[in-house]
Amino acid sequence: MRSGRGIAVAAFGCAILTHHDARAQDAYLQGVFTGSIGVTDNVSSAAEPPAGPGPDADGFGTASPGLIFTYATPRTAQTLSYTFSTSFFFRHWEASSYSNLATWSGRFVTSPRTSLTLGATGSQGQLNTFQLEQTPGTTTLQGTAGGTTNFVQGSFNEGFSFQASPVWSLGQAATFLIYNPLQDYPPPPRTYSAANTLTAQRAFRHDVAALALSVGYTHFDNVDIDPTTAVTYASRDQLISTLVASWQHDLGRRFSSQLDVGGVVATDLAGDAGSLARPAGLAALRYTHDRGEAELAYAYSATPNVFLQQIQLSHQLTLRAAAPIHPSWHLSVEGSAGAQLAQPLEPNTEGDLDTGPTTIAVLTDVALLWSPVLVIPDFALALRYQHTNQRTEGRTVELEGRKEKLPDTRIVRNALLLSVSGAFPRRMVPGSRISMTQPFGSAGPSDATRRQETPSEPLEGEAPTSAAAGDAAR
């Protein structure tokens, strides 16, 4: 842990000392830092009785230094970032953890009509601090297994877009992910996932129509298929195919909407469970402005959940926003709120592919920020509150010749934090404070019909436009 802290501190100092030289070479180096102190009523995200031992309260602190490096030329734009995060509890020291996050992304204009994007991410951390390490406007809404399991995760993505005409564009994108819990017993529930997406877009004056076909394969290793025993584990291989038609419409200069309609087919490859077909869709209303942004979205889709080792059919409703409250006082608010109803895809007692016990997850994550931007570059004080509530239905199992329903599993966690964050040098082009809902086929060309032919050169004293430092550090 000490060596990781030393690297982060040295990198931060390097950012300060080399900024002016790097800028002249179309490069930009920035140091970032976030620290907080707070209290929580559930240190290890433990389940409530009778399904678990119950939660314990404690105070805690966090520190997250990091470094972001961007490099741009007339035909390329690349970002490399590293963040070290540590969380320490005052009484439950065994729950303390540290994590490392490294990301790289690059965009390359390969011809006047084509572009290539590449990216890679590696992270190591602990489940009980997973959501606390994300910013309020980007907190992930999905069920977790709870506890303090350590894990390592890596991913790679690739995208290629072709501008066939001023209004037509085609795209291809691929992703690969590995999730590996660091445990010996029970056997680690590893997950391997790969997906490929093909898209076609047609731009109109105020609208964009698109068609997206996605095929994803997921392998779950060491799935606990019988919770009443400690030795019943098996692998599971599932294929998800999704086809949707999308319509995006501009509602003036600041509002836009999106509607996706289609279907998804899930196939169990490891057994004789066959396939299951369901509708798929997305409806979103978005607001973007120099001073704030917001999104209200509903989605019904099939996606892998690596923490629960399931492909889930889920209804998800989310509201994310970041907006000023009193500009003259430098006060703003940002956060997320949402609910998810998810059911895993698994074979039933008859051997057919069906949905399993329902998991309902509720999230509220909001922060009040004070940022004297004219005094200290990219400095902010934040008072943050996070509430998560997750309930999973108990399974019906056969014990000694009779069927019994296991108790529901419920995890409730509240946390209150006071945080300070800063960056040096100041980021002249602000990044997004919230993460928009990922549309179907979003791994392909994003608004390719409206993109510039080459990445714009940064002005003197500015970061490259690709340097979304807030996103890169997450």
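Okay, so let's go over this structure. (Residues numbered from 1 in each chain as written. Predicted model: local features only at pLDDT ≥ 70, side-chain atom pairs only at ≥ 80, totals over all residues. Heavy atoms only, no water.)

### With respect to empty space enclosed by the protein
Thinking step 1. Scanning the model with the defined rule gives one cavity of 30 Å³ or more in all.
Thinking step 2. There is about 250 Å³ of room inside the largest cavity.
Thinking step 3. In terms of lining, the largest cavity is formed by 21 residues, of which the most central are Ser45, Gln131, Thr144, Thr388 and Gln390.
Thinking step 4. Listing elements by their share of the lining of the largest cavity, those giving two or more residues are strand E17 (359-370), strand E18 (380-392) and strand E21 (409-424).
Thinking step 5. Among the elements that line the lining of the largest cavity, the one with the most residues is E18, at four residues.
Thinking step 6. For the lining of the largest cavity, the residue count by class is eight nonpolar, twelve polar and one charged. (1 Å grid on protein atoms, 1.4 Å probe; cavity = no way out; pocket = protein on both sides within 12 Å on 5 of 7 lines; lining within 4 Å. Points joined across faces, edges and corners; volume = space filled by probe spheres on them. Helix = DSSP H or I, 4+ residues; strand = E, 2+ residues; numbered from the N terminus. Nonpolar A, V, L, I, M, F, W, Y, C, P; charged D, E, K, R; others polar.)

### Structural notes on the nonpolar core
Thinking step 1. Within the largest apolar cluster, 15 residues are counted, with the highest numbers of intra-cluster contacts made by Ile240, Val264, Ala302, Ile311, Leu313 and Leu345.
Thinking step 2. The greatest single-element share of this core, amounting to three residues, is contributed by strand E9 (residues 207-224).
Thinking step 3. Counting residues in each nonpolar core, the second largest holds seven residues, with Val43, Phe60, Ala95 and Leu132 among its members. (Core = buried A, V, L, I, M, F, W, Y, C linked by side-chain atoms within 4.5 Å. Buried < 20%, exposed > 50% of the residue type's maximum accessible area, 1.4 Å probe, protein only.)

### Structural notes on the packing of aromatic side chains
Thinking step 1. As enumerated under the stated definition, the model contains eight aromatic pairs in all.
Thinking step 2. Geometrically, the ring pair formed by Tyr179 and Phe307 is edge-to-face, given 5.4 Å between the ring centres and 85 degrees between the ring planes. Linking Tyr179 in strand E7 (residues 168-181) with Phe307 in the loop between strand E13 (292-305) and strand E14 (310-326), this pair joins segments that are 128 residues apart in sequence. Accessibility classification places Tyr179 together with Phe307 in one group, the buried group.
Thinking step 3. An aromatic cluster is defined as three or more aromatic residues linked by ring pairs; in this entry it consists of Phe151, Tyr179 and Phe307. (Phe/Tyr/Trp six-rings, centres within 6.5 Å; stacked < 30°, edge-to-face > 60°.)

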